[in-house]
Amino acid sequence: MKHLNKILFAVLMMLGLSSHAQDENNEWAISFGANAVDTKTSAGNRPRNIQDRLTNPFKINESWNIVPSVSYIGVSKYVGDGFCFGIQGSVNKINKFAYWIGPGHTDVKITNPGDLMYYAADGVVKYSFMDMIKSKVIDPSLHVGGGYTFFGDNSYGTLNAGAGLTLWFTDKFGLLLTTTYKNSFENRNIIGKTDIPDAPDHFQHTAGLVFKFGGKDTDGDGIYDKHDACPEVAGLKQFNGCPDTDGDGIIDGSDDCPEVAGLAALNGCPDADGDGIADKDDACPDVFGLAAIKGCPDTDGDGVTDLSDKCPRAKGSKENAGCPWPDTDGDGVLDKDDKCPTAKGTVANNGCPESTAEDLDDLKVQAKSVYFYSGTTTFKLDLGRTSLDVIADLIKGSQNTKFSVEGHTDSDGSDAYNQKLSEERANVVKKALIQRGVNGDNLEAIGFGETEPIATNKTAKGKAENRRTEVKLKK
């Protein structure tokens, strides 16, 4: 056993140099088990050497040397295309040695040469036929190589060739059986020499366990990282290791809706109403609609969705909640643009009737009907407000005409007080007209105080007539 440490040391040193493989994922493999050495092939003359060897080759008890313990170890690495390269170290004890004592076939004898120690270190190039036969379990192979053998006190090189069979119980663990013929470069065994064999040819058979390793599967999905498009997330083989949470055939990384099964055309999102708009982008996901309005229907085609359209079956305007604009007075000018929505007018005059000479005469009459309570800017009863409505309609009929709103008082109070009061009354009327749709740019408010009475200030009736405003055309 004095060379055993040498062999094991050589194997460990070559771990970093070996280049043998089991497959492209788990590139490394280690095997160990028992070996048997059969020297019968070295017995017999050269022309019939093979015939001698093939006679009863499995007489294990007769010619095989076996150590009843782990007696070999091998390491290998995959190099591609079914090839692997590795090394193997083995140890044995030779107590059955075959030698040739005569020219006849029966002249091969078995003897005990004295329990010689056997050590071997071999390099192996192996080719696997597993991919060729498309099997996941049965792995037949052929191998060639060379090595160096210590046989007792002698040592010599060999040229090796053989075959093997691996039965894989899992993708990483299996049973390995091999047989290798080792041809000596220095076969010096001679007839009748039975004491110390020099350098015999021999067969070495092995049986052991093999473990593959080196492959990395970070996410544990059974797909090695080198082939896994999503190495940190467990996925499916058909998607190169990427997940498809919703099972719609679109991997999560490309699926806009990874937790809800959807359509490939919508990047994995569902479309419940079938309108071609993904539910996540569809404002009306349960009703067939239009892309232009985010998947909602628009029955009347006015661009306002039915959900927001107060008139879903009548084409209208967005500004009017989907309803058509009314034209109350029927003058062809919509109420929204009609300055006089209740009085039929003309388009040229913004929906207002155009004022005539008679209208302007009426304006003078109506303007004098706006009266105030004494000392205030408050209209007297509702007469003032009624007259203002008429005045506003008459003025709107003359859109390009300028008017003056003139305020007057009676003689009660000081001149300064009455002047201020008349100006305030004029501004109150101007404001009221603007509220009724009159263009404020066409109005000017002027106060005349008590300077222009239209009746006597000596009677209550006369004073009431003097507390007035008038609307006149500006000259």
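Structure's up top.
Keep in mind that what you see is a predicted model, and the values were worked out from it rather than measured.

Rules used throughout
Along every chain, residues carry numbers that run from 1 in the direction the sequence is written. Only residues with pLDDT of at least 70 are given local features in this predicted model, and only at 80 or more are side-chain atom pairs given and counted; all residues enter the totals for whole chains, interfaces and linings. Hydrogen atoms and water are omitted, and side-chain values are computed over all heavy atoms in the structure. Any pair of Phe, Tyr and Trp rings, taking the six-membered ring for Trp, is counted once the centres come within 6.5 Å. Such a pair is stacked with planes under 30 degrees apart, edge-to-face with planes over 60 apart, and tilted for the rest. For the exposure calls, accessible area comes from a 1.4 Å probe over protein chains only, and a residue counts as buried if that area is under 20% of its type's maximum, exposed if over 50%, partly exposed in between. In this scheme, the term charge over a ring applies when either NZ of a lysine or CZ of an arginine sits within 6 Å of the ring centre and within 35 degrees of the ring normal. The helix count covers DSSP runs of H or I at least four residues long, the strand count covers runs of E at least two residues long, and both are numbered beginning at the N terminus. When checking whether two residues touch, look at their non-hydrogen atoms; a contact exists if any pair is within 4.5 Å. By definition, a salt bridge exists where a carboxyl oxygen of Asp or Glu is found within 4 Å of a side-chain nitrogen of Lys or Arg. By this rule the span expected of a helix is its residue count minus one, scaled by 1.5 Å. Directions drawn from the helix axis to the C-beta atoms are what define this arc. Put simply, a disulfide is two cysteine sulfurs that come within 2.5 Å. By the convention used here, strands pair only if DSSP detects at least 2 bridges between them. Here, the term nonpolar core denotes a set of buried Ala, Val, Leu, Ile, Met, Phe, Trp, Tyr and Cys residues that are joined through side-chain atoms within 4.5 Å.

### Quick look at the packing of aromatic side chains
Then comes step 1: Tallied over the entire structure, the rule returns nine aromatic pairs.
Then comes step 2: An angle of 50° between the planes, with centres 5.4 Å apart, marks the rings of F169 and F173 as tilted.
Then comes step 3: Take F173: its relative accessible area is 26%, and that puts it in the partly exposed class.
Then comes step 4: The side chain of K212 reaches across the aromatic face of W168, ending 4.3 Å from its centre.

### Overview of the environment of P453
Then comes step 1: On the secondary structure map, P453 appears in the loop between β13 (443–447) and α8 (460–466).
Then comes step 2: For the pair P453 and D410, spaced 43 residues apart in sequence, the C-alpha to C-alpha distance is 7.1 Å.
Then comes step 3: Aside from chain neighbours lying at most four places away, what touches P453 is N466 and R468.

### Some words on the pattern of salt bridges
Then comes step 1: Going through the model one piece at a time under the given rule, you end up with twelve salt bridges.
Then comes step 2: Close ionic contact of K182 with D122 constitutes a salt bridge, the shortest N to O distance being 2.7 Å. Taken together, the residues span a long stretch of sequence, with K182 in strand β10 (residues 173–184) and D122 in strand β7 (residues 116–128) at a distance of 60 residues. In terms of burial, K182 and D122 fall into one category: buried.
Then comes step 3: Note that D410 and R467 form a salt bridge whose closest N and O atoms lie 2.8 Å from each other. Separated by 57 residues along the polypeptide, D410 in the loop between β12 (403–407) and α7 (415–435) and R467 in the loop between α8 and β14 (469–473) bring together distant segments of the chain. For the pair formed by D410 and R467, the shared burial category is buried.
Then comes step 4: Within this structure, E406, R468, E470 and K472 form a network of salt bridges that share partners.

### Details of α7
Then comes step 1: With 21 residues, α7 ought to run about 30 Å at 1.5 Å a step, and its terminal C-alpha atoms sit 31 Å apart, in line with that.
Then comes step 2: Among the residues of α7, N418, L421, S422, R425, A426, V429, A432 and L433 are the ones counted as buried. Burial along α7 is one-sided: seen end-on, the buried residues are contained in an arc of 140°. Opposite the packed face of α7, turned more than 90 degrees from it, sit the exposed residues A416, K420, K431 and Q435.
Then comes step 3: One or two residues past the end of α7 sits G437, with phi positive at roughly 100°.

### Focus on the state of the cysteines
Then comes step 1: Tallied over the entire structure, the rule returns four disulfides.
Then comes step 2: Between the sulfur of C257 and that of C269 lies a disulfide, 1.9 Å long from S to S. Taking the sign of the torsion about the S-S bond as the criterion, the disulfide between C257 and C269, at about 90°, is right-handed. Here the residue C257 occupies a position in the loop between β11 (202–213) and α5 (357–367), and C269 occupies one in the loop between β11 and α5, the gap between them amounting to twelve residues.

### Considerations on the pairing of β7
Then comes step 1: In the sheet, strand β4 (residues 83–94) pairs with β7 via twelve bridges, with the strands oriented antiparallel. Bridging from a neighbouring strand, G86 pairs with V124 of β7.
Then comes step 2: Note: β7 against strand β8 (residues 138–151), eleven bridges, orientation antiparallel. Directly across from A120, in β8, lies its bridge partner T149.

### Some remarks on the nonpolar core
Then comes step 1: Counting residues in each nonpolar core, the largest one holds 16 residues, and the members touching the most others are I395, V429 and L433.
Then comes step 2: Mapped by element, the contributors of at least two residues to this core are α6 (383–396), β12 and α7.
Then comes step 3: If you look at the next biggest cluster of nonpolar residues, it comprises ten residues, including V37, Y118, F151 and Y156.

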